[in-house]
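Listed below, chain by chain, are the residues.
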Amino acid sequence: MNKTSRFGIRMRTKSLKPEIKRPVHLTYNVCSSGVGVCSFPSANVTFWNDEGTIQEVLTVGQAYMVDVELELPDSSANRNLGMFQVSVKMYDRTGQVSLTTQRTAMVRYRSIVLRMLDLLLWIPFYFVGISEQKHSIMINMFTHYVDDYYHPSVGATVEVQSHKIEIYTATITFSAKFSGLKYLLYHWPVLSGLCAFSVNVLILALGLAVAAYQRTETLQKITAAVQITEKAEVTVKNDQKTFASSSTMTEDKNISQTSKIEINAEDDTLPLIQEPLDFDFAVENTDTEVVNELRQRSIQH
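Residues numbered from 1 in each chain as written. Predicted model: local features only at pLDDT ≥ 70, side-chain atom pairs only at ≥ 80, totals over all residues. Heavy atoms only, no water.

Trainee: Would you mind showing me how to read the nonpolar core here?
Mentor: It is characteristic of soluble globular proteins that their nonpolar side chains tend to be buried jointly. Counting 32 residues, the largest nonpolar core has Leu70, Phe84, Val88, Ile172 and Phe174 as its most contacted members. Looking at this core, the elements with two or more residues in it are β1 (19–24), β2 (42–46), β3 (63–73), β4 (83–91), β6 (134–146), β7 (155–161) and β8 (169–176). Setting aside anything within four residues of it in sequence, one finds Phe84 in contact with Leu70, Arg103, Thr104, Ala105, Met106, Ile137, Val160, Gln161, Ser162 and Ile165. (Core = buried A, V, L, I, M, F, W, Y, C linked by side-chain atoms within 4.5 Å. Buried < 20%, exposed > 50% of the residue type's maximum accessible area, 1.4 Å probe, protein only. Helix = DSSP H or I, 4+ residues; strand = E, 2+ residues; numbered from the N terminus. Contact = heavy atoms within 4.5 Å.)

Trainee: Explain the confidence of the model for the protein to me, please; I cannot follow it from the model alone.
Mentor: The predicted structure's coordinates, where accompanied by low pLDDT, should not be read in detail. Summing up the model confidence of the protein, the mean pLDDT is 78 and the portion of residues at 70 or higher is 72%. Per-residue pLDDT, averaged within each element of the protein, yields its smallest value for helix α1 (residues 3–13) (43) and its largest for β4 (93). Between residues 269–279, whose pLDDT stays under 50, and residues either more than four places distant or in other chains, the model counts twelve contacts. (pLDDT = per-residue confidence, 0-100.)

Trainee: Please explain the state of the cysteines as it appears in this structure.
Mentor: Note on terminology: disulfide describes a covalent bond linking the sulfur atoms of two cysteines. Scanning all chains against the criterion turns up one disulfide. With its sulfur 1.6 Å from that of its partner, Cys31 forms a disulfide with Cys38. Torsion about the S-S bond of the Cys31 and Cys38 cystine: about 120°, corresponding to right-handed handedness. (Disulfide = S-S within 2.5 Å.)

Trainee: Would you mind showing me how to read the UniProt feature "transmembrane region" (unreviewed entry) in the protein here?
Mentor: UniProt marks residues 112–131 and 190–213 with the feature "transmembrane region" (unreviewed entry), using the numbering shown here. With 85% helix and 0% strand, residues 112–131 has its two end C-alpha atoms placed 20 Å apart. In this annotation, residues 190–213 is assigned 100% helix and 0% strand; the end-to-end C-alpha distance for the span is 34 Å. (UniProt positions renumbered as here; feature names shortened; annotations may be inferred.)

This is the structure in structure tokens:
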């Protein structure tokens, strides 16, 4: 794995910084006479932290808006300056320039009347030193700057292309352009947090409601199944009792029929005696037990 790929992996692990703001310390070449500016004021800006220990790089894939702010004194030289250009060049670790842009700017015109009114209103603050007579120009250099994945920028060169301009301070700012959820979280963090918390609570409540409903439905199904099983068991028991009673009645009928058949069979074997004279004849020709049985039968009839 080469250095570029390792650096790209480290870049992706870095946290997103919403804004990187660095001062621009402009320098120029003095003329041979020792007076005047003989080169364009320029500065080299590297993305180091305030302590100078960690190099801050732009997040890959994140769009940035790059602005250069110039603080100019309200002098006659700047009022008569007219238009001038500001150039910004982005470079990577090897010093290769990845992107270049140029923008024109000028000091806003104000008439003598407006300058006099401003002086009358702010003269107490000017006298105390709270305020100064100066202008602030914000120049937008990139409206949508996305850093290169393989050649990430680690610095920028800022150049003001004018020999007559007078500058107090200069600053370059990289502002992340958020959209969608990132925009809401950055500009309205408290409201976004409350909305996220409410959505999470709502989702949890819906989940619990669905789980409770499913559990209730399952319990109802189990209860219905148990009731059906109990009814089936009661029905089986009743059927068994009915079958047992019917079997008992059938056996009783069979026994009674069998006894009747036996009695009829015995009746067929024994002689029928209808008159008393037959007993004497039976006594003479049969045993005593048979005679007694015949007598009982005659009494029953």
